[in-house]
Amino acid sequence: MKRRIIVMALVFLFAGFPFFMQPQEGACADPIVIGVPTSLYTPFGSYGLKAVNLAVEEINAKGGVAVGNVKRPLKVVVADTRDGEPGTPVHDALMAYEKMITEQKPAAIVIGAFRSEVLIAAMDLVAKYKVPHLGTIAQTPVFQAQFKKDPAKYKYLFRVTTDALVDATYIAHTLDMVKKDLGLDKILYIYQDTLWAKAFAGLMQKHCKETGWTEVGYEAYADGASDFSPALTKAKEGKAQVIGMVWDVPLGAGVFAKQYVAMKVPSLLVGFIPPMGSPIAPKVVGPEVEYGMTVEFPVGATLALAKLPKTGEFLDKFKKKYGELPEPPAVNSSAYDSVFVLASAIERAGSLDPDKITEALEKTDYPGVSGKIKFNQDHIMVFGEKSAEETGVCVVFQWQKDKDGNLKRVPIYPEFLAEGKIQLPPWMKK
Amino acid sequence: MSLLIYGLINSVILALYTAGFSLCYGISGIANFSHGALYILSGFTAWNFLNAAGLPFYLAAVLSVIITAILGFLFYWVLLLRVRGTPLAELIVTFAAGMGMLELLTWKGFYGMRYSLPLSMKGGIEIGPVAIDFQRLFVVGTGVALVFLLWFFVHHTRLGLAFRAMAQNERTALSVGIESDWVGSLSMALGAALAAIAAMVILPLGMMESSIGLEVLIYALAVAIVGGLESTLGMIVGSFIIGFGQIAAARYIGAKWMIIVPLAAIVLVLVIKPSGIFGKFKELEERV
C-alpha cells in the first residue's frame with residue numbers, strides 16, 4: 001500500500017512537472033500595469049491609446065507576458081496630461097505624470113508626453129521614480145541632448161518613434177526630388193513655435209540653403225494661431241513655389257489647410273500637416289488636398305504600404321476593432337510597437353525590476369510595424385531610409401487622383417517604398 | 001493692400017466674436033463668460049444636425065442658432081436668477097457653466113480632425129494681387145448686416161427700446177413696467193444667438209475643437225475691454241484696433257506675435273483708461 005502511494009505520488013509529480021516548469025497562464029496572476037500618461041483628448045493621444053489597447057489585447061489573448069515562470073496579463077492605466085491642448089502649463093502635465101506614477105505604480109510607461117517641452121521636463125521625474133519609459137509622441141531632439149548629459153540617470157527613457165530631425169530629413173530629401181524632377185526652387189516655411197517644429201523647420205531650412213533654394217520667408221506662429229493670411233500672402237507675393245509647413249495641433253493645421261485652399265496660393269504644400277495627411281482629408285478639407293505632400297512617421301501610422309505588409313496587417317486589425325482608421329499620419333504604429341517591445345523586454349529580463357527591464361530594452365531587436373526597432377546609445381530608435389528590415393522607416397506620400405478620379409495617398413519617398421512619382425499640379429506648369 | 005483687406009476681415013471676425021458678449025453686458029450687466037462655450041457648442045450642434053441627422057447646412061445652422069438662444073435663455077432662469085445682482089457671482093457661474101460645457105464636449109470626443117462645417121459658398125475673387133474667398137466676404141457681409149440689424153432692433157422695436165431702457169436705468173425701467181428678469185433672460189438669449197450666428201459663418205473657415213471656446217472668450221474680452229464693455233461703438237473700434245494690430249504685427253514683427261496683441265491691448269487699456277475707449281460704466285470712478 002505504502003509503495004502504491006509513493007508510486008502514485010511520483011507519477012503525479014512527473015506528470016505535473018512540465019506544468020510547473022511552464023509559465024502559468026495569467027488568469028489569476030497579478031497584472032503588469034502599463035501607464036499611459038498623455039494628452040488623451042488629442043488625435044495623437046487617443047489613437048495612440050487605442051493602438052496600445054489593441055496590442056495589449058493581442059498579448060493578453062495569448063496568455064500575457066511571461067515574468068520568470070508566471071504569465072501575467074497586461075493592464076493599461078491612463079492619465080490625461082492635457083499637454084496637447086494649447087495653453088496647458090508644463091507643470092500641470094507633470095503633476096498628472098507624477099500622480100500616475102505614485103498612485104498607480106506602473107511597471108513601465110508607454111506613449112508618454114505629447115508636447116516636447118513636457119517630455120524634457122518629465123525626464124527628471126521618470127529618472128527619480130525609475131520607471132522604464134517608452135515615448136512615442138514627443139519629437140524633440142533636445143531629448144538626446146538631455147540624455148547625453150547624464151546617461152546613467154536618464155537610462156530608463158527610450159524613444160520608440162522618430163524625432164523631428166528624422167521626419168525633416170525625409171522632407172528634405174523629398175524637396176531634393178521636387179527641385180530635381182519638377183524644377184521648383186523657391187520656398188517659404190511656416191512652422192509652429194514649439195521645440196520639435198523648430199527643429200524640423202530648422203533642418204529643412206539648413207538643407208535648402210545648402211542645396212540652392214531661394215527662401216521667401218521663415219514664419220513662426222504660436223500654436224494657438226487661427227489666421228495664416230499674413231504668411232500665405234507673403235507666399236503669394238514672394239511667388240513661393242513650395243510651402244514647407246510643420247504643424248501638429250489639428251485646429252491650426254485645419255485652419256491653415258482651408259485658408260491655403262481659399263486664398264488660392266499657387267504653391268505646393270510639403271511637410272507635416274496632419275489634417276491634409278489624414279485618411280479623411282478629402283472629406284474634411286476638400287478635394288484641394290490633391291498634390292499636397294506629407295511625411296508619415298513612422299510607416300504604418302495610417303497608410304498601408306504594398307511593400308511593407310505589416311503596415312496593412314496592423315491597420316486592418318485597428319479598423320476591425322475600432323471601425324475606423326487612425327486619423328493622424330504619425331506615431332500610431334509606434335504606440336502599438338512599443339507594447340510589444342516592452343513585453344519582449346520584460347520576458348527577457350524575467351522580472352519587473354526597472355534596471356533589468358532597461359538592460360533588456362537596450363538589447364531590443366524587434367521587427368515592428370514601423371520597421372526594425374533597435375536603440376542607439378542615446379536610447380533613440382534608429383531610423384534610416386533604405387530598408388525596414390534594418391531600421392525604422394518613414395514614408396512621404398502625395399495626394400493624387402487614380403484612374404477613377406478618386407484621391408489616394410501615393411507613396412513617393414523613399415525609393416524602396418515608392419508606388420508613384422511626384423506630380424506637378426497643372427496650375428504650376430509653365 | 002493685403003494688410004488692409006485681411007485687417008478688415010480679421011476685425012470683423014473679432015467684432016462678430018464680441019457682439020453677443022458686449023450686447024448682453026450692455027443690456028443686463030451680465031458678463032456672460034460662457035459666451036465662447038456657447039459659440040463652439042452651436043458649431044458642434046450644427047455639425048450633428050448636418051452629419052448625424054443629414055439636414056442641409058442652412059437648416060442645421062438655423063436650428064443651431066435657435067437651440068443656442070434657448071440655452072442662453074435657460075441659463076438665466078436656471079443658473080443666474082439666484083445670483084442676479086452680484087456681478088462676481090454671475091461671472092463665476094457663467095464661467096463655470098462654460099468650462100463645464102467645454103469639458104463635456106471634449107469628453108464626448110469632439111476634438112480631432114473630423115469636425116468641420118462646410119463653406120456657405122466656394123470660390124473667391126481677387127482685388128489687385130490679393131485673393132479673397134467668398135466665405136470671408138460672407139463673414140464681412142454678415143458682420144455689417146448684424147450691426148445694422150442690431151441698431152434697428154434697439155432703436156425701432158418695443159423689445160429693443162425696453163433693452164435700452166434697462167441698460168440706461170434699471171429702476172426707472174422697472175417703474176414703467178419693464179420686467180427686469182425677462183429682459184435679462186432675453187439679453188442672454190440674444191447674446192447666445194449672436195454667438196451662434198458668428199459661429200455659423202466663421203467656423204467653416206477652419207476646424208472645430210472645444211478649445212476654440214476659450215479663444216473666443218479671450219478675444220471677446222479683449223475687444224470689449226479695449227472698446228468699453230457695454231459700448232457697441234467701442235466694440236467696433238476695439239475690433240479694428242486689435243484686428244489690424246494683429247495683421248500688422250504678423251507682417252512687420254513676426255507671425256508669432258499676433259497672439260500677444262489682444263493681451264497687450266488689454267493691459268495697455270487697463271493701465272491708461274480702465275473703462276475702455278468708449279466705456280461709461282466706470283468713467284465717473286476714474287474721474288474721482
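As the structure is a computational prediction, the values presented were derived from the model and not from experiment.

What counts and how
Residues numbered from 1 in each chain as written. Chains lettered and ligands numbered in written order. Predicted model: local features only at pLDDT ≥ 70, side-chain atom pairs only at ≥ 80, totals over all residues. Heavy atoms only, no water. Salt bridge = Lys/Arg side-chain N within 4 Å of Asp/Glu carboxyl O. Helix = DSSP H or I, 4+ residues; strand = E, 2+ residues; numbered from the N terminus. Buried < 20%, exposed > 50% of the residue type's maximum accessible area, 1.4 Å probe, protein only. Expected span 1.5 Å × (residues − 1). Arc of directions from axis to C-beta. Contact = heavy atoms within 4.5 Å. Patch = residues over 30% accessible without salt bridge, like charges linked within 9 Å, V, L, I, M, F, W, Y side chains within 5 Å. Areas by Shrake-Rupley, 256 points an atom, 1.4 Å probe, with all protein chains shown as cover. Core = buried A, V, L, I, M, F, W, Y, C linked by side-chain atoms within 4.5 Å. Pairing = 2+ DSSP bridges. Axes fitted to C-alpha atoms, helices over the stretch in contact; angles between N-to-C directions. pLDDT = per-residue confidence, 0-100. Buried area = accessible area lost by both parts, 1.4 Å probe. Polar contact = N/O pair within 3.5 Å; in protein donor to acceptor, adjacent residues only side chain to side chain.

### Points about the pattern of salt bridges
Residue and element names in this part refer to chain A. As enumerated under the stated definition, the model contains 22 salt bridges over all chains in all. For Asp378, the salt bridge identified is with Lys148, shortest N-O distance 3.1 Å. Within this pair, whereas Asp378 is found in the loop between β14 (371-373) and β15 (395-401), its partner Lys148 is found in helix α5 (residues 142-149), the two being separated by 230 residues in sequence. With a relative accessible area of 7%, Asp378 lands in the buried category.

### Observations regarding helix α1 (residues 2-28) of chain B
All names here are of chain B. Along its 27 residues, α1 runs 39 Å from first to last C-alpha, staying within 8% of the 39 Å computed at 1.5 Å per residue. Across the 27 residues that make up α1, a large majority, 24, are buried. Trailing α1 by a residue or two, Gly29 shows a phi angle of about 75 degrees, which is positive.

### Some words on helix α12 (residues 309-322) of chain A
All names here are of chain A. In a regular helix each residue adds 1.5 Å, so 14 residues correspond to 20 Å; α12 covers 20 Å between its end C-alpha atoms and thus fits that length. Three or more residues of α12 are buried, namely Thr311, Gly312, Phe314, Leu315 and Phe318. Taken down its axis, α12 places every buried residue within 165 degrees of arc, on the same side. Opposite the buried face of α12, at more than 90 degrees from it, the exposed residues are Pro309, Asp316 and Lys320. Contacts made by the buried residues of α12 are with α2 (43-61) and α13 (332-349).

### Quick notes on a nonpolar patch on the surface
Residues and elements named next belong to chain B. Taken together, the side chains of Val62, Ile66, Ile70, Leu74, Val78 and Leu79 define a hydrophobic patch exposed on the protein surface, amounting to about 520 Å² of accessible area. Take Val78: it is sitting in helix α3 (residues 57-80). Taking relative accessible area as the criterion, Val78 reaches 62% and is therefore assigned exposed.

### Concerning the nonpolar core
Core analysis: the biggest nonpolar cluster contains 210 residues, and Phe200(A), Phe228(A), Ile243(A), Phe256(A), Tyr39(B) and Ile202(B) have the highest contact counts within it. Among the nonpolar cores identified, the runner-up in size contains 21 residues, and Ala113(A), Ala122(A), Leu125(A) and Val131(A) belong to it.

### Thoughts on the sheet that holds strand β4 (residues 74-80) of chain A
Strand pairing in a sheet relies on backbone hydrogen bonds, with the paired strands running either antiparallel or parallel. Residues and elements named next belong to chain A. One open sheet holds the 5 strands; their spatial order is β4-β1-β5-β6-β7, and the pairing between them is parallel. The open sheet is flanked by β4 and β7 (157-159), the only strands paired with a single partner. Going from strand to strand, the sheet's axes swing by 25 degrees on average, the running direction of each strand aside. One ladder, built from 3 bridges, connects strand β5 (residues 108-111) with strand β6 (residues 133-135); its direction is parallel. Across the sheet, the residue bridging to Ile111 is Gly135, located in β6.

### Observations concerning the pairing of strand β10 (residues 242-246) of chain A
All names here are of chain A. For β10, the buried fraction is high: 5 of the 5 residues fall into the buried class. Residues Val242, Gly244 and Val246 of β10 are buried on one face, and the alternating residues Ile243 and Met245, pointing to the opposite face, are buried as well. Alignment of strand β8 (residues 186-192) against β10, held across 5 bridges, turns out to be parallel. Of the residues in β10, the one forming a bridge with Tyr191 is Val246. Pairing geometry for β10 and strand β11 (residues 268-272), over 5 bridges, is parallel. Directly across from Met245, in β11, lies its bridge partner Gly271.

### Looking at the pairing of β11(A)
Residue and element names in this part refer to chain A. Of all 5 residues in β11, 5 are buried, a share of seventy percent or more. Judged from the 2 bridges that link them, β11 and strand β12 (residues 293-296) form a sheet pairing that is parallel. The partner of Gly271 across the bridge, within β12, is Thr294.

### Description of the confidence of the model for chain A
With 93% of its residues at a pLDDT of at least 70, chain A reaches an overall mean of 90. Across residues 16-23 of chain A the pLDDT falls below 50, and counting only partners more than four positions away or on other chains, this stretch makes 7 contacts in the model.

### Re the interface of chain B and chain A
For interface size, the figure often reported is the accessible area lost on association. Chain B puts 34 residues into the contact, and the matching count from chain A is 39 residues. Interface of chain B and chain A: buried area, both sides summed, is about 3100 Å²; carbon and sulfur atoms make up 58% of it. Our count for the chain B to chain A interface comes out at 4 salt bridges. The salt bridge partner of Glu324(A) is Arg114(B), with a shortest N-O separation of 2.7 Å. Remark: the boundary between chain B and chain A carries 6 residue pairs in polar contact (both at pLDDT 80 or more).

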